[in-house]
Amino acid sequence: MNTYIISLLIIGLLLLAVTLGSGWIERLPLSYAIIYLIVGVLLGSYGFELIKIRPDTEFLERLTEFVVIVSVFGCGLKINRPLKLWAWQSTIRLIGILMPISILSLSAIAHYVLDMGWGAAVLLGAILAPTDPVLASEVQLDHVKDKDELRFALTSEGGLNDSLAFPLVYFGIYAFKDSTWDNWLAKWVGIDVLWAIASGIVMGILVAKTIIWIDRTIQKRHPADELMENFVALGIILLTYSLTELVNGYGFLAVFVSGLVVQQSYFTQQEKRIAQLEFTEQIEKLLEVTVIVILGTVLLIEPMLKYVGQSLLVAGLLFLVIRPLGVWLSMLGGGIHKTTSSLMGWFGIKGLGSIYYLTYSLGKGVKGDTAEQITWIVYTVVVLSILFHGITASPLMTWYENIKQESKVSAN
């Protein structure tokens, strides 16, 4: 039996089923990711064994990397707010206060409870702290005119923290491989913190503005086909990411910034912004199907059971204590409504960004028993997030929208 042809058949049937059945699926307390994950498990070694090839670390790294860069660009395109500090207060608090709290808390648990060295502990914290921009679409901004504070905060957080956790990922990798901090600390601060963040921001602005200028100049003389024009967005994503990585900057950060620049630059051309956003979302959804199905096929019961106690401890504390308490502390004095803050605390969705950081770390030489421990804790936490956040997202957001509507009626 040709595994490749069978895989294409299954993916085609899955896409057709979720598309035609979307009207029924949206009424259920299920996310599409849960369906993809179940299909992946059924296709793998614990189901029909139609997909027996286990993808290597580099393949998963590259695949998840591409999905994330498309997703963070889409996050930038959705955000329709002025680039002023007052407009981004919730984002600043989530990134500047919540993320360090999450990483430090997870690192302490990993070190003192799971008996990991500090390097591995920080690495696990940095891998699991960021929220996922890919799987969180149901709780993010719906369109470019959406100004809801909860959706904005979750969208901007997902777009930024998958890049701003990178310095701590590097810190964990360095400390895991060399416990003598003096050998690499100065390099980490200078290159992986200061240079990589600054160059990511600069390259995101520079590349996007340059391409937009070229696009406008050419369009005045020879207008491009409307369908082909959508590929400008993909060109911006790929060029921004690759050029930023070539100068050792953070490509995720640059791509998110480029999305913001495109959004602002095409402010008077709403149809173009909407078309580009729809195009990137379609690419993202197609890739999401592939990655989650593959994730389902690589899951193995034996190693997951081996670390199930540790995984449940990490997931329980992260979902029910660290994230909610961290959001509450972050939002003190911020004027955020209690309901909004509570939902921010729950929707700390983990997903493909964490899998990318994991596979990236493994490719950088994180090996041995500790690497296995980190791997299966991360996989299990991501699966639990897909299940619990996927089940609760739709009813909680419906409840949230009803509360907002009631508040508007009462105010009038």
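Before going into details, it helps to say that this report is about the structure given with it. The shown structure was predicted, so the numbers you read here are calculated from the model rather than taken from an experiment.

Procedures and definitions
Residues numbered from 1 in each chain as written. Predicted model: local features only at pLDDT ≥ 70, side-chain atom pairs only at ≥ 80, totals over all residues. Heavy atoms only, no water. Helix = DSSP H or I, 4+ residues; strand = E, 2+ residues; numbered from the N terminus. Buried < 20%, exposed > 50% of the residue type's maximum accessible area, 1.4 Å probe, protein only. Contact = heavy atoms within 4.5 Å. Areas by Shrake-Rupley, 256 points an atom, 1.4 Å probe, with all protein chains shown as cover. Polar contact = N/O pair within 3.5 Å; in protein donor to acceptor, adjacent residues only side chain to side chain. Patch = residues over 30% accessible without salt bridge, like charges linked within 9 Å, V, L, I, M, F, W, Y side chains within 5 Å. Salt bridge = Lys/Arg side-chain N within 4 Å of Asp/Glu carboxyl O. Phe/Tyr/Trp six-rings, centres within 6.5 Å; stacked < 30°, edge-to-face > 60°. Lys NZ or Arg CZ within 6 Å of the ring centre and 35° of its normal.

**Observations regarding the overall build of the chain**
In terms of helices and strands, the chain carries 18 helices and zero strands. With respect to the principal axes defined by its C-alpha atoms, the chain has extents near 60 × 55 × 50 Å. Looking at the 412 residues of the chain, the share that counts as buried comes to 53%. Residue pairs in contact within the chain that sit at least 24 positions apart in sequence constitute 82% of those at least 6 positions apart. Here the chain has roughly 18900 Å² of accessible surface; of this, 66% comes from carbon and sulfur atoms.

**Let's talk about the side chain of T359**
Within the fold, T359 resides in helix α17 (residues 352-363). A residue is classified by how much of its surface remains accessible, and T359, at 2% relative accessible area, is buried. In terms of polar contacts, T359 uses its side chain to reach the backbone carbonyl oxygen of Y356, at 3.0 Å. Excluding residues that lie within four positions of it along the chain, T359 makes contacts with T57, L60, E61 and T64.

**Notes on unusual backbone geometry**
One can expect most non-glycine residues to show negative phi and most peptide bonds to be in trans. Here the phi dihedral of D115 falls at roughly 65°; this positive angle occurs in a residue that is not glycine. For D115, the location among the structural elements is in the loop between α5 (89-112) and α6 (118-128). If you check the backbone angles, N248 has positive phi at about 65° while not being a glycine. Relative to the helices and strands, N248 resides in the loop between α11 (231-246) and α12 (251-265). Judged by its relative accessible area of 52%, N248 falls in the exposed class.

**Section: a nonpolar patch on the surface**
Residues V41, Y46, I301, L305, V308 and L312 make up a contiguous nonpolar surface patch of about 510 Å² in total accessible area. Among the secondary structure elements, those contributing two or more residues to the nonpolar patch are α14 (301-306) and α15 (308-330). Its place among the elements puts I301 in helix α14.

**Notes on the packing of aromatic side chains**
Tallied over the entire structure, the rule returns 22 aromatic pairs. Between F166 and Y170, the aromatic rings sit 5.1 Å apart at their centres with planes inclined by 20°, giving stacked as the arrangement. Of this pair, F166 and Y170 are both found in helix α8 (residues 166-177), four residues apart, which corresponds to roughly one turn of the helix. Both residues of the pair, F166 and Y170, belong to the buried class. Their ring planes at 80° and their centres at 5.1 Å tell us that F171 and W184 sit as a pair that is edge-to-face. Of this pair, F171 sits in helix α8 while W184 sits in the loop between α8 and α9 (185-221), and the two are 13 residues apart along the sequence. Directly above the ring of F152 sits R81, whose terminal nitrogen or CZ lies 3.8 Å from the centroid.

**Some thoughts on helix α16 (residues 338-346)**
Counting buried positions along α16 yields seven of nine residues, so the element is predominantly enclosed. Those residues of α16 that fall on the buried side of the exposure criterion are T339, T340, S341, L343, M344, G345 and W346.

**Considering the side chain of E61**
On the secondary structure map, E61 appears in helix α4 (residues 57-78). What E61 contacts, discounting residues up to four positions off in sequence, is Y356, T359 and Y360.

**Notes on the environment of V383**
Position of V383 relative to the elements: it lies in helix α18 (residues 369-411). Accessibility expressed as a relative area gives 11% for V383, which makes it buried. Taking the C-alpha atoms as reference points, V383 and L313, 70 residues apart in sequence, are found 14 Å from one another. Filtering out sequence-adjacent residues up to four positions away, V383 remains in contact with L37 and L299.

By themselves, these are just geometric observations and shouldn't be taken as functional.
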